[in-house]
Amino acid sequence: MSTRKLREICATAPSLVWLTAFLLVPTLMVLTFAFKKADPMGGIGTEWTFATLRSLANPSYPAIIWRTIWQSLATTAICVAVSIPMAYYMARTGERTRRFLMVLTILPFWTCFILRVFAWMSLLHPHGIVKNILVALGMADPSSQLLYTSGAVLLVMVYNHLPFAILPIYASAEKFDYQLLEAAADLGATRATAVMRVFIPGIKAGIFAAILMVLIPALGEYVIPDMVGGPASEMIGNKIAQRVQNDRNLPHACALSAALMLFVMGPMVAYLFARRKGGKEGGRFSI
Amino acid sequence: MTRTSRIPLATTIAILLFFYIPIAILVVNSFNASSTGGAWGGWTLKWYQKLFANEEMWHAIRNSLVIGVTSTLVSTAIGTSAAFALYKYSGTRIQKVHGVVLYMPLVVPEILMGISLLMIFMAVRLPLGLFAIFLAHVTFSMSYVAMVVLSRLQDFDATLIEAAQDLGADAWLTARKILLPLISPGIVAGALLAFTLSVDDFVITFFVSGPGSTTLPVQVYSMIKHSRNLPIINALSTLMMVATFVIVLTSQRQSRRA
């Protein structure tokens, strides 16, 4: 073996071995355990079975899976839609303002995630300030509920995922040639047409990256529906956590995780495919 | 485009208000004598006093710092080495696999990493607790460190190395005098990110923590779930935010100077 090869192996081994041991092998274990029986001690049994997978057809699950998908898609759609105008503004403004806006976008998200969700819990609380204001304005009934609803889950999910849409879309918008918009206007396009047919296709790479960055973690969300949602806004993640922490049925948790893995693979494969087709421009950004 | 649209500016302002209003109200409520926070009950510092007197909280803070520091040291070392390998040997078959594996923690939802780690720890009979949390944190942090250091390496001017060697420096001297000083801001930024991710992590930690190994986010979560001492969480949030803002702003200023 050449010394170059030896050096390469020395530099690569720590991370590759570590991630094989703590990421690849455990993921395969989760997939295998979906076909095992639970043992009465709350562990994994030795017998093989399809019963765990079959129990996912239990009527409550399709509803939860459907809800997981639509809540994640709605979060993604809102995040992308509001990020586009902000990215446009950031790309077109002066260097100082741009840098300032960048810091302001990232700053809240360096603080603890649980505390950010807690901030919304106290805002939406039945005695919280949002409720008091809405009641004072006559926009809400004193008995109405803001917290523990699907609306609250959506709001807090958008709050937590928004920077992950703004940053990649901004990275693309920064590289966009804004003379194209003038050209479109000269050729008679209205502003709306120019944005829809020139600007948005032009920042496509950033939009795809943003969809991926929001959709994938959103599909696996569990803390937000757990803290600000009610039983009617539970997602797959909540079920996985409940199977692990409450009734200790690990094979069942593994089967649900396998299902979640499939959902996550969908957008990822679509993204890689779109990237290969659309070339490799854009989409690179730093955290 | 004769007239500029107001929509981009209006959206930007609305988003920033959306980001900062919850935080601002949290800070204000940490000084609010009314415990529900829906109305103003007068100024107080009692929540801060209660926070400092809370033993459980200090225990959790200590655990978080111990894990934060140890996992940052290990993941920064491994992640930096990984970035070097990806940069220097790019294109080899090993590095193609290495790159994909290193990307995985960035895209796998946290809950899936949490359950996978729980399964492996159970399989090898590793007791859940601080050591298990440390292993878990190194697992997800090293990829972030590697990506930050790699992006710094990619901006690096490779001719500097050639120049040093032409002037007679050996590999060790080149690494120490040229390479390390130039990429050290990348390593520091990676370490800072690793530390923040570790101190902030709830989902993965919750899956692999055992009795007595409560970290700060897990402690806060259980206080919220049992509606215990909620106003002192406002005080805690305020202190943590001030600390984070100071650290992030100084590091921003540092990196601009570098």
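Residues numbered from 1 in each chain as written. Chains lettered and ligands numbered in written order. Predicted model: local features only at pLDDT ≥ 70, side-chain atom pairs only at ≥ 80, totals over all residues. Heavy atoms only, no water.

J.: How do you make sense of the overall build of chain A when you look at a structure like this?
T.: Check the secondary structure of chain A and you find 13 helices and two strands. With the principal axes as the frame, chain A shows a C-alpha extent of 75 × 70 × 35 Å. Considering only contacts within chain A whose residues lie at least 6 apart along the sequence, 69% involve residues at least 24 apart. Total accessible area on chain A stands at roughly 13700 Å², and carbon and sulfur atoms take up 67% of it. Taken together, the 25 basic and 14 acidic charged side chains of chain A have centroids lying 6 Å from each other. (Helix = DSSP H or I, 4+ residues; strand = E, 2+ residues; numbered from the N terminus. Contact = heavy atoms within 4.5 Å. Areas by Shrake-Rupley, 256 points an atom, 1.4 Å probe, with all protein chains shown as cover. Lys, Arg positive; Asp, Glu negative; His and termini not counted. Charge placed at Lys NZ, Arg CZ, Asp CG, Glu CD.)

J.: Teacher, can you tell me more about the packing of helix α5 (residues 113–124) of chain A against helix α6 (residues 129–136) of chain A here?
T.: Helix packing geometry: the angle between the two helix axes and the distance between the axes. All names here are of chain A. Viewed as axis vectors pointing N to C, α5 and α6 meet at an angle of 30°, and their least axial separation amounts to 4 Å. Along the contact surface, α5 presents Ser122, Leu123 and Leu124, while α6 presents Ile129, Val130 and Lys131. Here the contact of α5 with α6 is built from residues that sort into four nonpolar, one polar and one charged. (Axes fitted to C-alpha atoms, helices over the stretch in contact; angles between N-to-C directions. Nonpolar A, V, L, I, M, F, W, Y, C, P; charged D, E, K, R; others polar.)

J.: I'm lost on the pattern of salt bridges in this one. Help?
T.: As a working rule, side chains carrying opposite charge can pair if their charged atoms are close by. Residue and element names in this part refer to chain A. Counted according to the given criterion, the structure contains seven salt bridges over all chains. The partner of glutamate 234 in a salt bridge is lysine 239, and the shortest N-O contact between them spans 3.2 Å. On the accessibility criterion, glutamate 234 (17% relative accessible area) is buried. Classification of lysine 239 by relative accessible area gives buried; the value is 13%. Aspartate 247 is paired through a salt bridge with arginine 243; the nearest N and O atoms lie 3.0 Å apart. (Salt bridge = Lys/Arg side-chain N within 4 Å of Asp/Glu carboxyl O. Buried < 20%, exposed > 50% of the residue type's maximum accessible area, 1.4 Å probe, protein only.)

J.: For this particular structure, what's the right way to read the pairing of strand β2 (residues 44–48) of chain A?
T.: Note on strand geometry: in a regular strand, side chains alternate between the two faces of the sheet. Residues and elements named next belong to chain A. When strand β1 (residues 36–38) meets β2, the two strands line up antiparallel, connected through two bridges. Along β2, the bridge assignment pairs lysine 36 with tryptophan 48. Connecting β1 to the next strand, β2, in antiparallel fashion are five residues, including glycine 42 with a positive phi near 85°. (Pairing = 2+ DSSP bridges.)

J.: Would you explain empty space enclosed by the protein in this entry?
T.: Where empty space is left in the structure can be found by rolling a water-sized probe over the atoms. Counted by the stated rule, this structure contains three cavities of 30 Å³ or more. Each pocket or cavity is described by its volume, and for the second largest cavity that value is around 50 Å³. Together, 10 residues line the second largest cavity, and Ala119, Ser122 and Leu123 of chain A together with Ile25 and Asn29 of chain B are the ones closest to its centre. Going through the elements one at a time, α5 of chain A together with α1 (7–29) of chain B are the ones with two or more residues in the lining of the second largest cavity. (1 Å grid on protein atoms, 1.4 Å probe; cavity = no way out; pocket = protein on both sides within 12 Å on 5 of 7 lines; lining within 4 Å. Points joined across faces, edges and corners; volume = space filled by probe spheres on them.)

J.: What is the right way to read the packing of helix α1 (residues 3–33) of chain A against helix α3 (residues 55–88) of chain B from this model?
T.: Running from N to C, α1 of chain A and α3 of chain B point in directions that differ by 135°, and their axes come no closer than 8 Å. By the criterion of interaxial angle, the relationship of α1 of chain A to α3 of chain B is oblique. Crossing of α1 of chain A against α3 of chain B: the hand is left-handed. Contact residues: α1 of chain A offers Arg4, Cys10, Ala11, Thr12, Pro14, Ser15 and Trp18 of chain A, while α3 of chain B offers Val74, Ile78, Ser81, Ala82, Ala85 and Lys88 of chain B. Class assignment of the residues belonging to the contact of α1 of chain A with α3 of chain B gives a composition of eight nonpolar, three polar and two charged. (Parallel < 35°, antiparallel > 145°, perpendicular 65-115°, else oblique. Left-handed = near helix turned anticlockwise from the far one by under 90°.)

J.: Mind showing me how you'd approach the nonpolar core here?
T.: The nonpolar side chains of soluble globular proteins are, as a tendency, buried together. Ile114, Phe199, Met227 and Val228 of chain A together with Phe19, Met119 and Phe207 of chain B are the most contacted members of the largest nonpolar core, which totals 152 residues. If one sorts the elements of this core by residue count, helix α6 (residues 130–154) of chain B sits on top with 15 residues. Setting aside its immediate chain neighbours within four residues, methionine 119 of chain B contacts Met29, Val30, Phe33, Ile44, Leu250 and Cys254 of chain A. (Core = buried A, V, L, I, M, F, W, Y, C linked by side-chain atoms within 4.5 Å.)

J.: Would you take a moment to explain the interface of chain B and chain A for this structure?
T.: One frequent convention defines the size of an interface as the accessible area lost when the parts assemble. If you look at the interface, chain B gives 84 residues, while chain A gives 86 residues. Approximately 7600 Å² of surface area, both sides summed, lies buried where chain B meets chain A, with 79% of it carried by carbon and sulfur atoms. The tally of links from chain B across to chain A stands at one salt bridge. Aspartate 226 of chain A is the partner of lysine 225 of chain B in a salt bridge, and the nearest nitrogen-oxygen pair spans 3.4 Å. Our enumeration of links across chain B and chain A arrives at 11 residue pairs in polar contact (both at pLDDT 80 or more). With 14 residues, the top contributor of residues to the side of chain B that touches chain A is α1 of chain B. A class-by-class count of the residues in the side of chain B that touches chain A yields 58 nonpolar, 21 polar and five charged. (Buried area = accessible area lost by both parts, 1.4 Å probe. Polar contact = N/O pair within 3.5 Å; in protein donor to acceptor, adjacent residues only side chain to side chain.)

J.: I'm lost on unusual backbone geometry in this one. Help?
T.: Phi is mostly negative for residues that are not glycine, and the peptide bonds are mostly trans. Positive phi, normally seen in glycine, also occurs at tyrosine 148 of chain A, with a value near 65°. If you trace the backbone, tyrosine 148 of chain A turns up in the loop between α6 and α7 (150–175). Taking the relative accessible area as the measure of exposure, tyrosine 148 of chain A reaches 43% and is therefore partly exposed. Notably, arginine 125 of chain B is not glycine yet its phi reads approximately 55°, a positive angle.

J.: It is not clear to me how the side chain of serine 143 of chain B should be interpreted in this structure. Could you clarify?
T.: Tracing the sequence through the fold places serine 143 of chain B in helix α6. Classification of serine 143 of chain B as buried rests on a relative accessible area of 0%. From its side chain, serine 143 of chain B meets the backbone oxygen of leucine 102 of chain B in a polar contact 2.8 Å long. Here serine 143 of chain B is in contact with Leu19 of chain A together with Leu102, Pro105 and Leu106 of chain B, once residues within four sequence places are set aside.

J.: Would you take a moment to explain the layout of surface pockets for this structure?
T.: For the second largest pocket, the calculated volume is near 810 Å³. Those elements that provide at least two residues to the lining of the second largest pocket are α1 of chain A together with α3, α7 (159–166) and α8 (171–200) of chain B.

J.: Could you clarify how one ought to interpret the environment of methionine 41 of chain A in this entry?
T.: Looking at the secondary structure, you find methionine 41 of chain A in the loop between β1 and β2. Judged by its relative accessible area of 76%, methionine 41 of chain A falls in the exposed class.

J.: Would you explain the packing of aromatic side chains in this entry?
T.: Think of a pair of aromatic rings as described by two things: how far the centres are apart, and how the planes are tilted against each other in angle. This structure, assessed with the given rule, holds 24 aromatic pairs over all chains. Their ring planes at 65° and their centres at 6.1 Å tell us that phenylalanine 22 of chain A and phenylalanine 121 of chain B sit as a pair that is edge-to-face. With phenylalanine 22 of chain A in helix α1 and phenylalanine 121 of chain B in helix α5 (residues 110–123), this pair bridges two chains. Consider the rings of tyrosine 159 of chain A and phenylalanine 19 of chain B, whose centres lie 6.1 Å apart with planes at 80°: the pair is edge-to-face. Taken together, the residues span two chains, with tyrosine 159 of chain A in helix α7 and phenylalanine 19 of chain B in helix α1. Accessibility assignment for this pair places tyrosine 159 of chain A and phenylalanine 19 of chain B in one class, buried. Members of the aromatic cluster, each reached through a chain of ring pairs, are Phe109, Trp120 and Tyr159 of chain A together with Phe18 and Phe19 of chain B. (Phe/Tyr/Trp six-rings, centres within 6.5 Å; stacked < 30°, edge-to-face > 60°.)

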